[in-house]
Amino acid sequence: MGLPALEFSDCCMDSPQFREKLKSHEAELDKTNKFIKELIKDGRSLVAALKHLSSAKRKFSDSLNEFKFRCIGDAETDDEIIIAKSLQEFAAVLRNLEDERLRMIENADEVLIMPLEKFRKEQIGAAKEAKKKYDKETEKCCTVLEKHMSLSSKKKESHLHEADSQVDQVRQHFYEVSLEYVLKVQEVQERKMFEFVEPLLGFLQGLFTFYHHGYELAKDFSDFKTELTISIQNTRNRFESTRSEVESLMKKMKENPHEHKSFGFCTMEGYLYIQEKRHFGTSWVKHYCTYEKESKRITLVPFDQKSGGKIGDEETVTLKSCIRRKTDSIEKRFCFDVETVDRPGVITMQALSEEDRRLWMEAMDGREPVYNSNKDNQSDGCAQLDNSGFNIIQACIRAVETRGINEQGLYRIVGVNSRVQKLLSILMESKVSSENDVDITAEWEIKTITSALKTYLRMLPGPLMTYQYQRSFIKAAKLENQESRISEIHALIHRLPEKNRQMLHLLMKHLAKVASNHKQNLMTVANLGVVFGPTILRPQEETVAAIMDIKFQNIVVEILIENHEKMFNTVPEMTHLHLSRKRSTDSKPPSCSERPLTLFHTLHPAELLENMNNVNSSAESVVSSNANSSPDSSSALLPNLSSLNSSDSNLKVTRPNSLLNPKTKSGLFTSPPSPSLTSPFSPSWPMFSAPSSPVPTSSTSSDSSPTSSACRKARALYACKAEHESELSFTAGTVFDNVHPSQEPGWLEGTMDGKTGLIPENYVEFL
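Just so you know, these numbers come straight off a predicted model, no measurement behind them.

Asker: Is there a simple way to explain the overall build of the chain in this structure?
Answerer: Along the backbone of the chain there are 23 helices and 12 strands. By residue count, 49% of the 767 residues in the chain fall in the buried class. Sequence separation of 24 or more characterises 71% of the internal contacts of the chain that already satisfy a separation of 6 or more. Of the accessible surface of the chain, which amounts to about 37900 Å², a share of 50% is contributed by carbon and sulfur atoms.

Shown next, in the form of structure tokens:
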């Protein structure tokens with residue numbers, strides 16, 4: 001298991017768990033520091049004492065073989081795996097050299113000793129200095145806070161305000177020092193992956209030139225050396241890209257720390273001073289407290305950072321009531337009383353500030369705390385995956401492929417922001433939206449055009465590969481086998497909404513052309529993955545852990561570029577669609593976050609009948625207007641129905657007809673819909689923007705048989721309780737009839753005991 005990611009949001013809370021994570025990172029740094037010292041010592045022994053060459057080399061190789069890298073995160077990329085096993089490869093080479101009795105080590109000090117010493121002193125040494133500063137500020141902050149908590153409320157108001165201001169300044173300074181220390185620790189942990197291994201690689205390369213039989217060994221080693229060099233460069237590139245992201249996040253945290261505060265699974269958590277009665281009076285003991293609203297459980301953990309982070313015995317109580325203490329009833333400020341079911345009497349708690357007390361009070365009396373809403377949802381959504389959006393992207397691609405496909409640093413070098421915004425504003429004008437083909441004149445530089453393309457993709461309301469499947473793509477990239485990765489990503493691609501998949505296909509086809517000219521433009525598949533991974537597969541929450549997953553976003557893009565013809569032109573096998581789903585009924589059901597949301601409004605019977613008539617009459621007019629076209633052609637019918645939908649803004653989107661009254665005699669609603677492209681209730685019908693069905697479908701005539709290949713039987717893998725009247729409640733093992741794709745993303749429709757309703761797609765398997 002790798003080292004846990006250090007979140008900047010935890011710096012504000014300074015919880016015991018955060019301190020434990022920090023200790024594990026510090027221990028890893030100490031371990032690395034000791035190992036580098038030992039490695040340097042062994043290297044100098046090799047240079048200074050040729051008569052002890054054999055024993056020194058074996059000790060050196062044994063040290064390399066025993067050391068194991070620990071990466072941040074729960075999985076490693078192929079490059080990190082190669083780097084992690086590189087030390088064992090180096091040890092094997094050294095043992096081979098000893099067997100051959102090769103004798104000469106030159107230039108070891110410059111190639112090996114100095115870089116390692118520089119890394120140890122400049123990087124690990126800087127981290128130690130940051131730790132001293134952090135410990136000093138911790139001591140100072142806690143001391144000032146304790147004095148402040150002991151301040152009597154009977155003091156003059158001006159004195160109290162001055163004390164409050166002083167505490168805020170000390171806490172703010174401690175918070176900034178904490179953020180800087182966490183950043184430095186993360187940076188050193190990442191740097192050691194390349195600044196530590198690279199000198200070793202150079203040292204080994206130097207040995208080959210001075211040993212009598214080194215040529216054959218170097219020849220055998222060259223393949224791994226090439227692979228390792230590429231992995232180091234890829235790791236360095238990913239580090240550079242993630243470093244700017246982490247620094248940007250740290251700056252945001254400095255500017256608005258409260259907006260990024262996260263309480264995880266708890267409704268409220270933080271430090272409180274709790275009054276405890278003693279034989280000769282009372283004392284206030286510092287506790288780290290968490291409160292869960294649903295269960296009304298309060299967890300109290302005695303903890304003091306100054307005492308080395310010693311955690312006391314945890315106590316859990318159930319909340320009964322919470323009452324604010326008046327200022328004149330107690331000498332302490334920011335106090336409130338909590339009455340519990342488990343403990344007799346009242347527990348008096350002291351918050352750290354008036355605002356902190358208000359948040360605790362709101363949480364405990366049932367009112368929800370205010371969380372920062374997701375920034376992506378606040379976007380104005382000016383960029384869309386409509387005809388205008390496709391025209392803009394196609395125009396940029398045409399210009400790049402026509403004029404700049406061989407330009408060096410294509411998509412990596414950014415254009416001037418003002419020029420990029422001006423080009424986008426021109427392309428997004430209403431008159432451009434209606435044009436089929438848009439041409440970008442030669443006055444615009446290629447770097448401006450490529451930046452405009454990337455900016456437009458970032459301006460979409462959500463990432464091109466959707467928030468819903470973002471974690472699924474990352475998990476697919478973390479699979480050990482390359483074939484499994486390709487198969488799982490292939491299946492996920494065909495679960496994306498139709499418009500998203502079409503745009504992704506267009507983009508990947510273009511990037512494949514760019515990569516095919518990498519000898520001229522220097523943009524390999526790996527480089528394009530670094531550029532486009534964070535753009536089309538960005539996470540919904542901006543955290544350090546999410547930034548650490550950028551390397552897996554890049555891998556997904558690399559796979560899509562290299563296999564774009566298979567991904568978009570072939571249909572995945574059904575077995576791959578559920579690759580990551582557990583088949584056992586004893587396994588845990590999907591979490592709430594994996595359960596899809598219902599998006600469409602279910603109409604009342606009167607509204608339903610009225611809309612049925614509207615749709616019937618509208619559909620008849622469309623069919624009559626296309627009477628001369630081929631019955632199998634979807635291209636003639638779809639545009640008219642799309643225009644019908646856009647022209648009638650009052651037409652409500654209803655559930656598929658499997659939810660309607662089966663006795664209705666209207667032609668469009670007498671049977672479950674066929675997966676025909678001409679059916680307005682097909683899963684691929686554009687007005688719903690629903691994910692296309694993974695089952696291959698073909699275009700059929702409008703009078704096709706009601707029995708469709710998409711309507712099948714399915715069995716429930718987990719139990720599910722309905723949260724809406726249109727959903728079905730069922731137990732594990734229930735068998736559903738007439739199961740087919742729904743207009744709701746992530747949902748299926750099926751019949752159980754004569755009742756038809758919605759079923760979560762990831763809760764069932766087809767029979």
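Asker: Quick question: what am I supposed to make of helix α11 (residues 417–427) here?
Answerer: In an α-helix there are 3.6 residues to a turn, and that puts residues three or four apart on one side. Among all positions of α11, only Val420, Leu423, Leu424 and Leu427 are buried. One side of α11 holds all its buried residues, which, seen down the axis, span an arc of 100°.

Asker: Could you clarify how one ought to interpret the nonpolar core in this entry?
Answerer: General note: in soluble globular proteins, nonpolar side chains tend to be found buried as a group. Core analysis: the largest hydrophobic core is formed by 103 residues, its most contacted members being Phe8, Leu64, Phe69, Phe90, Leu228, Phe336 and Met364. The next biggest cluster of nonpolar side chains, apart from the first, holds 63 residues, and it includes Phe390, Cys396, Ala452 and Leu528.

Asker: Is there a simple way to think about a negative patch on the surface in this case?
Answerer: A cluster of acidic residues, Glu216, Asp220, Asp223 and Glu227, forms a negative patch at the surface. Note that Asp220 resides in helix α8 (residues 214–255). Assessed through its relative accessible area of 62%, Asp220 is described here as exposed.

Asker: Explain the sheet that holds strand β10 (residues 747–752) to me, please; I cannot follow it from the model alone.
Answerer: The strands making up a sheet associate through hydrogen bonds between their backbones, and the pairing can be parallel or antiparallel. Sheet architecture is open: five strands sit in the order β11-β10-β9-β8-β12, paired in antiparallel fashion. At either end of the open sheet lies a strand with only one pairing partner, and these are β11 (755–760) and β12 (764–766). In this sheet, neighbouring strand axes are inclined to one another by 40° on average, regardless of whether the strands run parallel or antiparallel. In this sheet, β11 lies alongside β10 in antiparallel orientation, the contact comprising six bridges. What sits directly across from Glu749, in β11, is Leu758.

Asker: For this particular structure, what's the right way to read helix α3 (residues 53–66)?
Answerer: Between its first and last C-alpha atoms α3 spans 20 Å; for 14 residues at 1.5 Å apiece the expected length is 20 Å, and the two agree. Of the positions making up α3, those classed as buried are Leu53, Ala56, Lys57, Phe60, Ser61, Ser63 and Leu64. Around the axis of α3, the buried residues are gathered within 155° of arc, so they sit on the same side.

Asker: How should the side chain of Glu558 be read in this particular structure?
Answerer: Summarising the element assignment, Glu558 is placed in helix α20 (residues 550–562). Residue Glu558 is classed as buried on the basis of its relative accessible area, which comes to 16%. Apart from the residues within four sequence positions on either side, Glu558 is in contact with Arg238, Val525, Ala526 and Gly529.

Asker: Any chance you could explain the confidence of the model for the chain here in plain terms?
Answerer: Should the pLDDT be low somewhere, the predicted coordinates at that spot are not to be read in detail. Taken over all residues, the pLDDT of the chain has a mean of 74, while the share at 70 or more is 74%. Within the chain, helix α23 (residues 638–647) has the poorest average pLDDT of any element, 35, and helix α16 (residues 498–516) the best, 94. Here residues 430–434 is modelled with pLDDT under 50, and outside its nearest four sequence neighbours on either side it reaches seven contacts, counting other chains as well. The model gives residues 597–709 a pLDDT under 50, and that stretch makes 160 contacts with residues more than four places away or in other chains.

Asker: What is the right way to read the packing of helix α2 (residues 16–48) against helix α5 (residues 108–149) from this model?
Answerer: Each pair of packed helices can be summarised by the angle the axes make with each other and by the distance between the axes. The geometry of α2 relative to α5 is characterised by a closest axis approach of 10 Å and an angle of 155° between their N-to-C directions. Taken together, the axes of α2 and α5 lie roughly antiparallel to each other. When you trace α2 past α5, the crossing you get is left-handed.

Asker: What am I meant to see in the pattern of salt bridges here?
Answerer: Using the criterion set out here, one finds 28 salt bridges in the structure. With a closest N to O distance of 3.8 Å, Glu187 and Arg243 form a salt bridge. With Glu187 in helix α6 (residues 157–195) and Arg243 in helix α8, this pair connects stretches of sequence that are 56 residues apart. By relative accessible area, Glu187 is classed as buried at 12%. Classification of Arg243 by relative accessible area gives partly exposed; the value is 27%. With its nearest N and O atoms 3.8 Å apart, the salt bridge here joins Lys320 to Glu339.

Conventions adopted
Residues numbered from 1 in each chain as written. Predicted model: local features only at pLDDT ≥ 70, side-chain atom pairs only at ≥ 80, totals over all residues. Heavy atoms only, no water. Helix = DSSP H or I, 4+ residues; strand = E, 2+ residues; numbered from the N terminus. Buried < 20%, exposed > 50% of the residue type's maximum accessible area, 1.4 Å probe, protein only. Contact = heavy atoms within 4.5 Å. Areas by Shrake-Rupley, 256 points an atom, 1.4 Å probe, with all protein chains shown as cover. Arc of directions from axis to C-beta. Core = buried A, V, L, I, M, F, W, Y, C linked by side-chain atoms within 4.5 Å. Patch = residues over 30% accessible without salt bridge, like charges linked within 9 Å, V, L, I, M, F, W, Y side chains within 5 Å. Salt bridge = Lys/Arg side-chain N within 4 Å of Asp/Glu carboxyl O. Lys, Arg positive; Asp, Glu negative; His and termini not counted. Charge placed at Lys NZ, Arg CZ, Asp CG, Glu CD. Pairing = 2+ DSSP bridges. Axes fitted to C-alpha atoms, helices over the stretch in contact; angles between N-to-C directions. Expected span 1.5 Å × (residues − 1). pLDDT = per-residue confidence, 0-100. Parallel < 35°, antiparallel > 145°, perpendicular 65-115°, else oblique. Left-handed = near helix turned anticlockwise from the far one by under 90°.

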